[in-house]
Amino acid sequence: MTDGLVFSANMDHEWPAEGLKRIPDWVYTDKTIYQREVERIFHGRTWNYVALEAEIANPGDFIRSNVGPTPVVVARDQDGTIHVVENRCAHRAAEFCRELSGSVTEFVCPYHQWSYELNGRLRSVPFRRGVAGKGGMPADFEPTRHGLRRLNVTTHRGVVFASYADDMEPLADYLGPDILREFEATFDGRRLRVLGHYRHTLPGNWKLYHENLKDPYHATLLHTFLVTFGLLVAGNRSLMLADASGRHGVMCSAKSEATSVAQEHRAEMRAYKEGMSLADPRLMDFIDEFDSPWSVTMATIWPNLIVQREMNTLGIRQIVPTGPHEFIMKWTMFGFAGDDDAMTRHRLRQGNLMGPAGFLGLEDNEAIKFVQDGMLGVPGGQHLVELDPATATGTTDTLISEAAIRGMYRHWRGVMGL
Amino acid sequence: MQSPDTERHLAALLLHHEIELFNTRYAAALDEQRLQDWVELFVDDAFYLVTSRENAEQRLPVGLIYSEGKAMIQDRVFALEKTAMFAPRYLRHVIGNLLVLGEEANGDLRAQANYVVLQVLFDRPDATLHQIGSYHDVFCRTVDGLRLKERRCVYDNLLVPNALCIPV
């Protein structure tokens, strides 16, 4: 795709004088900024989502994942411990694990058959002593010093996180109490059941996905379907929650009846369509199964996790950045082990709302592409994020706000030194 | 007079042709974005699914599109035509390698075929391979001719390019 960054490659990264009310394009388009993000954010002091425990239920089970762009393998050891290691042989760097998931007793690199324990320890090197007294590794070769690169691991309520930082604070402190409460409302202790995956590319900068879910304004305008069927309408009870650091957020809303959309709001929304109905209204049924005042919560957990609780369709979205202009999104849709067949099918039907073919999901993907296209087509500009001046940054109870986006950039600038 | 073998052979050829013709009309309805016509190719209790081969092989039930019944298929068309925002595009569905697998006791027909969907966006010059996969079908005979009782679209590509706006 277009590498429209010839301009910004040597540009001074100077933030606009207006402060957080502006976001310069180079934040989204500059390769050097992206490289610094990998180093300071994804490989820095963050907890990165890597898997659900349900995906590696038994000893020996593994799944391929990523921390930022870096491929990792998440595996459950014989004693139940979960390990996260880089998918890169310590010998010649080969990405040794090729299957998306599976079950093994050891990892063997196919190139020269170096083998590793599930915890990453080097187990054997073929012909380490050479043949007939010739060749082989030096006598002082120390296998314990040549294992796979291991990451720090933590789990909470069946969700597995990894970090390149060995001295990370506990996940609960990383999230803060407000975000943790919403996380635990969705992951309420019931055992998870994986229903399947969606994977798609998205031709935009990875941060735009966080911003889209810290931008409740768009939800009432872009998503005609939501508005038409009363799921999220300006004036509904809602909250845009941010943690103290500004990096995490949860967009929360309570469903209303579409007929309750006030006349004054309808006039503002081109999207609103009156008197429409679904041929199969089961799609919009909400079975109240959570201890929460909200029927919908979208949690953005820095830097690579979105937790979707859209009524009864539940999903993880994992951001895998591949450069400044594109990222991969891996979704893991789930229900609970105790769901009966009717509940599972309800979740699957409601899944039509989200994902790359979802009535709402496809619109988000398109909108984010349009934003990146706009910057590539007309580079060197800046974005305007001024809504809700009464809240400089952070939590707000109006949907017509960009305060959470400003809060995210306050944090980002600190980490990036910009 | 034709031998019973020849008659069976001719019947099989006719059925093969009939399903091929159905698939050609199905592709035309989607390519021309006549989505209402596409809905009419399903019976009332039809199941329509679009999922990855990764999910199908692991027997995971999720679908990018998961429609239980024609009403849900109709609602998707409603959403796409009346509410959804996506960039304009041209699509070309190419269906081939039809295999008629057999006939159930109730007269339903099982078949499969390969498909390719190419997409052209107006801001990118070339057609791109949007999806490649296979249809796993159950057809039934109605007074209007063959209709789909079940179509499971299983795509091989690991990644969906951005958004799947028009059905497969």
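Residues numbered from 1 in each chain as written. Chains lettered and ligands numbered in written order. Predicted model: local features only at pLDDT ≥ 70, side-chain atom pairs only at ≥ 80, totals over all residues.

Caption draft 1: Highlighting the overall build of chain A. The number of helices and strands found in chain A is 11 helices and 19 strands. Since a compact globule built from 418 residues should have a radius of gyration of about 22 Å, the 23 Å found for chain A is in line with a globular shape. For chain A, the spread of C-alpha atoms along the three principal axes comes to 90 × 55 × 35 Å. A buried classification covers 46% of the 418 residues belonging to chain A. Sequence separation of at least 24 residues holds for 63% of the intrachain contacts in chain A that already meet a minimum separation of 6. (Helix = DSSP H or I, 4+ residues; strand = E, 2+ residues; numbered from the N terminus. Rg over C-alpha atoms; globule rule 2.2 N^0.38 Å. Buried ≥ 20, exposed ≤ 12 C-beta atoms within 10 Å, placed from the backbone. Contact = placed C-beta atoms within 7 Å.)

Caption draft 2: Representation of the environment of Leu100(A). By the element assignment, Leu100(A) lies in the loop between β5 (82–86) and β6 (101–103). Beyond its immediate stretch of four places on either side in the chain, Leu100(A) contacts Arg64(A) and Glu54(B).

Caption draft 3: Broad picture of the sheet that holds strand β11 (residues 159–163) of chain A. Residue and element names in this part refer to chain A. As summarised here, the arrangement of the three strands in space is β2-β11-β10, forming an open sheet in which the pairing is antiparallel. Two strands bound the open sheet, and with one partner strand each, they are β2 (48–52) and β10 (152–156). Put simply, the sheet's adjacent strands are angled 30° from each other on average, direction ignored. Pairing of β10 with β11, which is carried by five bridges, proceeds in the antiparallel orientation. Counterpart to His-156 in the pairing with β11 is Val-159. (Pairing = 2+ DSSP bridges. Axes fitted to C-alpha atoms, helices over the stretch in contact; angles between N-to-C directions.)

Caption draft 4: View of the pairing of strand β4 (residues 109–121) of chain B. Residues and elements named next belong to chain B. Where strand β3 (residues 89–103) meets β4, 12 bridges bridge the pair, whose relative direction is antiparallel. By the bridge assignment, Val-100 is partnered in β4 with Ala-111. With antiparallel pairing between neighbouring strands as the criterion, β3 and β4 make up a hairpin whose turn holds five residues, including Gly-107 at a positive phi of roughly 95°. Note: β4 against strand β5 (residues 128–142), 11 bridges, orientation antiparallel. When the bridges of β5 are listed, Ala-113 appears paired with Tyr-135. Connecting β4 to the next strand, β5, in antiparallel fashion are six residues.

Caption draft 5: Inspection of the interface of chain B and chain A at higher detail. Every contact between the two is made by 34 residues of chain B and, on the other side, 37 residues of chain A. Listing elements by their share of the side of chain B that touches chain A, those giving two or more residues are β1 (42–52), α3 (53–57), β2 (65–68), α4 (70–83) and β7 (160–161) of chain B. By residue number, the principal contributor to the side of chain B that touches chain A is α4(B), which donates eight residues. Classifying every residue of the side of chain B that touches chain A gives 21 nonpolar, seven polar and six charged. Alignment of strand β12 (residues 192–202) of chain A against β7(B), held across two bridges, turns out to be parallel. Its bridge partner being in β7(B), His200(A) is matched across the sheet by Val160(B). (Nonpolar A, V, L, I, M, F, W, Y, C, P; charged D, E, K, R; others polar.)

Caption draft 6: Focus on the domain arrangement of chain A. Examined at the domain level, chain A breaks down into domain 1 (56–153) and domain 2 (176–416). One C-alpha centre belongs to domain 1 of chain A, the other to domain 2 of chain A; they are set 37 Å apart. (Domains from an automatic or database assignment.)

Caption draft 7: The pairing of strand β17 (residues 313–323) of chain A, seen in detail. All names here are of chain A. Among the 11 residues that make up β17, nine are buried, leaving the element largely enclosed by the rest of the structure. Both strand β16 (residues 305–310) and β17 contribute to a ladder of six bridges, which runs antiparallel. Looking at β17, one finds that Glu-310 is bridged to Thr-313. Once β16 ends, the chain turns through two residues before running back antiparallel as β17, passing Met-311 with a positive phi of about 55°. For β17 and strand β18 (residues 326–336), the ladder comprises nine bridges, and the chain directions are antiparallel. Bridge pairing links Gln-318 to Lys-330 in β18. Counting the residues that bridge the hairpin from β17 to β18 gives two residues.

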